[in-house]
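Architecture and fold: a report
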Amino acid sequence: MADQATGTLERDASRRVALVTGGSRGIGRACARSLAREGFDIAIIYAGNREAAADCVQELSKLGATAKAYQCDVANSAQVNDTVKAIIADFGPVWALVNDAGINRDGLLARMKDEDFDAVIDVNLKGAFNMIRALSRNFVRLRGGRIISISSVVGLSGNAGQANYAASKAGLIGLTKAVAKELGHRGVTVNTVAPGFIKTDMTDKLPEKTVKAYQAQIPMNRLGSVDEVGDVVAFLVSDAASYITGEVIRVDGGLSM
Ligand code: NAP
């Protein structure tokens, strides 16, 4: 593909580049894996778990991708700007941005602390904004590209005990639609994926009884896998999805119908 200039990393310049925040673990890692299988080279951003990031880079390399991990707090706009500069210097232009990095600090409304509300909004929503803004010139220059943000069905339907998280995930949908309108004429598509209850390290720690109770509410009567989310993200990044923008694609086994 002729839209990629070479950066300083030794790699095949005909391969497109994807940047996945939160790409070292869970759903983000599955997105990185699916994109590597589709022939992308991958930059991942992680917060602090170096071991998981190194392990992920090794896994992506085995899939034939040139991959590199960057430690960066997506909530910190100065760090994001510096990291995006470093990634473009290393890889060349970025074709796809996947905003996956996310945290939760659950609690009932009356007891939710300011810092817990702010932290979740800062990472989940402002983090995605910081990334999109830092890469906006990159996309305008490419006259194409893909932006996918990982929301949640909780952003569509709300959830008791998750006022901060639900607000951040609903905010991502508004952010997506605004940016889709702003960058559509530049050939950039901007979409949101809203996973339901996905089997991750977090859900593995829940008591079996709790998981069964959640499962009973899902029409497909099972939890989703991270790869089932990653593959939908890879589809939205692909040329097959070139006329889909501003959408929210639910990957939830029918939970939020
Ligand atoms: P996870 O396993 O906890 O992984 C989170 C990833 O985000 C890690 O790579 C982590 O890096 C990174 N991260 C966290 N805070 C960051 C920050 N401030 N700056 C940069 N990177 C940061 O998460 P997950 O369960 O796969 O969830 C991934 C996304 O999907 C989240 O946005 C979540 O809200 C959403 N989601 C999950 C589910 C589910 O069932 N799991 C359902 C719906 C939506 P470190 O490892 O270095 O900390």
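In the block above lies the structure referred to throughout.
First things first, this report covers the structure right here in the doc. (Residues numbered from 1 in each chain as written. Predicted model: local features only at pLDDT ≥ 70, side-chain atom pairs only at ≥ 80, totals over all residues. Heavy atoms only, no water.)

The next thing to look at is the side chain of T189. Inspection of the secondary structure puts T189 in strand 6 (residues 188–195). Judged by relative accessible area, which is 4%, T189 ranks as buried. Apart from the residues within four sequence positions on either side, T189 is in contact with G145, R146, I147, A241, S242, I244 and T245. (Helix = DSSP H or I, 4+ residues; strand = E, 2+ residues; numbered from the N terminus. Buried < 20%, exposed > 50% of the residue type's maximum accessible area, 1.4 Å probe, protein only. Contact = heavy atoms within 4.5 Å.)

Turning our eyes to something else, we now look at the environment of A32. Relative to the helices and strands, A32 is located in helix 1 (residues 26–37). Taking relative accessible area as the criterion, A32 reaches 0% and is therefore assigned buried. Through-space distance from the C-alpha of A32 to that of G230 is 7.4 Å; in sequence the pair is 198 residues apart. Look past the residues within four positions of A32 in its chain and what remains in contact with it is V20, G23, I42, I44 and L60.

Defined simply, a disulfide is a covalent bond joining two cysteines at their sulfur atoms. This model, assessed by the stated rule, comprises zero disulfides. For C56, which is in no disulfide, the shortest distance to another cysteine sulfur is to C31 and amounts to 11 Å. Free of any disulfide, C72 has its nearest neighbouring cysteine sulfur in C56, separated by 16 Å. (Disulfide = S-S within 2.5 Å.)

Before going further, it helps to examine a negative patch on the surface. Side chains of D73, D114, E115, D118 and D122 sit close together on the surface and give a patch of like negative charge. Considering the arrangement of structural elements, one finds D73 in the loop between strand 3 (67–71) and helix 3 (77–91). Residue classification places D73 among the partly exposed positions, given a relative accessible area of 35%. (Patch = residues over 30% accessible without salt bridge, like charges linked within 9 Å, V, L, I, M, F, W, Y side chains within 5 Å. Areas by Shrake-Rupley, 256 points an atom, 1.4 Å probe, with all protein chains shown as cover. Salt bridge = Lys/Arg side-chain N within 4 Å of Asp/Glu carboxyl O. Lys, Arg positive; Asp, Glu negative; His and termini not counted. Charge placed at Lys NZ, Arg CZ, Asp CG, Glu CD.)

Scanning all chains against the criterion turns up 11 salt bridges. With a shortest N-O distance of 2.8 Å, D227 and R33 are connected by a salt bridge. With D227 in helix 9 (residues 226–237) and R33 in helix 1, the pair connects residues that are 194 residues apart, well separated along the chain. By sharing partners, the salt bridges in this structure join R29, R33, D55, E59 and D227 into a single network.

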